Amino acid sequence: MERTIVAITGGASGIGLASARAAVARGWHVAVSDRDTRALAAAETELGAHALYDTVDVTDEAAVEAWINRAAGYGRLIGLVTSAGIGADVPALDTGVDLFRKVHEVNVLGTFIAARAAARVMADDGGSIVAIASVSGLRGSKGRVAYGSSKAAVINMAQA
């Protein structure tokens, strides 16, 4: 029987790790990516042989595509959860362009790169993509100009 694979960015902690646990509980295998090597090691201890583990920066297009292709080589890729993300709680007037750009690169561009790579692999057999957003993407919040606008973009991208 062919393995079913769910790829999860940011899969070594938080919502990503919870998603990996849920997938494994359903009998699926997971391809977990994260930048945090210590968190990846802890996730590997917890999830064991039901997963592949890779250190991946979601803003690195080539690395993400290689990770998705590795996952697809492990079994049939049936889904992607884009959980990798960063936040910033900084007043708008104190938010620098570099911080704003970094939050958007990880949250928006990272989601786009991973979703596009997975969609290309799943094009023939179908699959699902779950893009993790936030209520901050639906309404403005003090101190969340970079994060909120990035999550609004993720919501719109998922709708598109």
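Quick note: structure is the one above.
Numbering of residues starts from 1 in every chain and runs along the sequence as written. Where local features are concerned, this predicted model is filtered to residues with pLDDT of at least 70; where side-chain atom pairs are given and counted, the filter is 80 or more; whole-chain, interface and lining totals use all residues. Excluding hydrogens and water, the side-chain figures rest on all heavy atoms present in the structure.

K.L.:
Hey, could you go over helix α3 (residues 61–74) for me, with residue numbers and the actual values?
P.N.:
Three- or four-residue spacings in an α-helix give side chains the same orientation, since the helix completes a turn every 3.6 residues. What counts as a helix is a DSSP run of H or I of at least four residues, what counts as a strand is a run of E of at least two, and both are numbered from the N terminus. A helix's residues, less one, multiplied by 1.5 Å, set its expected span. Taking 1.5 Å per residue as the helical rise, α3 with its 14 residues ought to reach 20 Å, and the 20 Å between its terminal C-alpha atoms agrees with that figure. Residues V64, W67, I68, A71 and Y74 constitute the buried set of α3. An end-on view of α3 places all buried positions within 115° of arc, on one side of the element. Turned more than 90 degrees off the buried face of α3, the exposed positions are A62 and G73. Definition of a polar contact: a pair of N or O atoms within 3.5 Å, with one able to donate and the other able to accept a hydrogen when the atoms are protein atoms, and with sequence-neighbouring residues admitted only if both atoms are side-chain atoms. The N-cap residue of α3 is D60: its side-chain oxygen and the backbone nitrogen of A62 are 3.3 Å apart. The cut-offs for exposure are 20% and 50% of the maximum accessible area for each residue type, with area from a 1.4 Å probe on protein chains only; residues under the lower value are buried, those over the upper are exposed, and the others partly exposed. Working definition: the arc comes from the directions between the helix axis and the C-beta atoms, pointing outward to the latter.

K.L.:
Any chance you could break down the layout of surface pockets for me, citing the residues and the numbers?
P.N.:
Grid points spaced at 1 Å over the protein atoms alone were grouped into cavities, where a 1.4 Å probe fits but cannot get out, and pockets, open sets with protein on both sides within 12 Å along at least five of seven lines, with lining residues defined by an atom within 4 Å of a point. Grid points are joined across faces, edges and corners, and a volume is the space filled by probe spheres set on the points. Space inside the largest pocket adds up to approximately 370 Å³. Along its surface, the largest pocket is lined by 22 residues, and G10, S83, A84, G85 and I86 are the ones closest to its centre. Looking at the lining of the largest pocket, the elements that each hand over two or more residues are α1 (14–25), β2 (29–34), α4 (97–122) and α5 (145–159). In terms of residue count, α1 provides more of the lining of the largest pocket than any other element does, 3 residues in total. Of the residues assigned to the lining of the largest pocket, the class counts are 9 nonpolar, 8 polar and 5 charged. Note on residue categories: nonpolar means Ala, Val, Leu, Ile, Met, Phe, Trp, Tyr, Cys or Pro, charged means Asp, Glu, Lys or Arg, and polar means any other residue, Gly included.

K.L.:
Give a description of the packing of α1 against helix α2 (residues 37–47) that names residues and reports values.
P.N.:
Angle between the axes and distance between the axes: these two values describe a pair of packed helices. The contact between α1 and α2 brings their axes to 11 Å, and the two run at 20°. One element, α1, and the other, α2, form an angle in the roughly parallel class. As for the relative orientation of α1 and α2, their crossing is right-handed in sense. Note on element contacts: α2 touches α1 through A43, E46 and L47, opposite L17, A20, R21 and V24. Grouping the constituent residues of the contact of α1 with α2 by class yields 5 nonpolar, no polar and 2 charged. Axis definition: a line fitted to C-alpha atoms, limited for helices to the stretch in contact. Angles are taken between N-to-C directions and run from 0 to 180 degrees. By the definition adopted for this analysis, an angle is roughly parallel if under 35 degrees, roughly antiparallel if over 145, roughly perpendicular if from 65 to 115, and oblique otherwise. Crossing handedness is read from the near helix: turned anticlockwise from the far helix by less than a right angle, it gives a left-handed crossing, and turned clockwise, a right-handed one. Contacts between residues were defined by any pair of non-hydrogen atoms, one from each residue, lying within 4.5 Å.

K.L.:
Explain the environment of L138 residue by residue, including any values.
P.N.:
Assignment of secondary structure puts L138 in the loop between β5 (128–131) and α5. The exposed category is assigned to L138, whose relative accessible area is 67%. Sequence spacing of L138 and A152 is 14 residues, and the spatial spacing of their C-alpha atoms is 6.2 Å.

K.L.:
Can you lay out the nonpolar core for me, pointing to particular residues and giving the numbers?
P.N.:
In these notes, a set of buried Ala, Val, Leu, Ile, Met, Phe, Trp, Tyr and Cys residues joined through side-chain atoms within 4.5 Å is what counts as a nonpolar core. A7, A31, V64, W67, I68, L77 and L80 are the most contacted members of the largest nonpolar core, which has 21 residues in total. Only β1 (4–9), α3, β4 (76–82) and α4 provide two or more residues apiece to this core. Ranked by residues supplied to this core, first place goes to α4 with 7 residues. Apart from residues lying up to four places away in sequence, W67 is in contact with A7, I8, T9, A31, V32, S33, D54, V56 and L80.

K.L.:
Report on α5, specifying residues and quantitative values.
P.N.:
When the terminal C-alpha atoms of α5 are compared, their 21 Å separation across 15 residues agrees well with the 21 Å that a helix rising 1.5 Å per residue should span. When α5 is considered as a whole, its buried residues turn out to be A146, Y147, G148, S150, K151, V154 and I155. Looking at the buried residues of α5, the elements they touch are α4 and β5.

No statement about biological role is implied by the geometric values presented.
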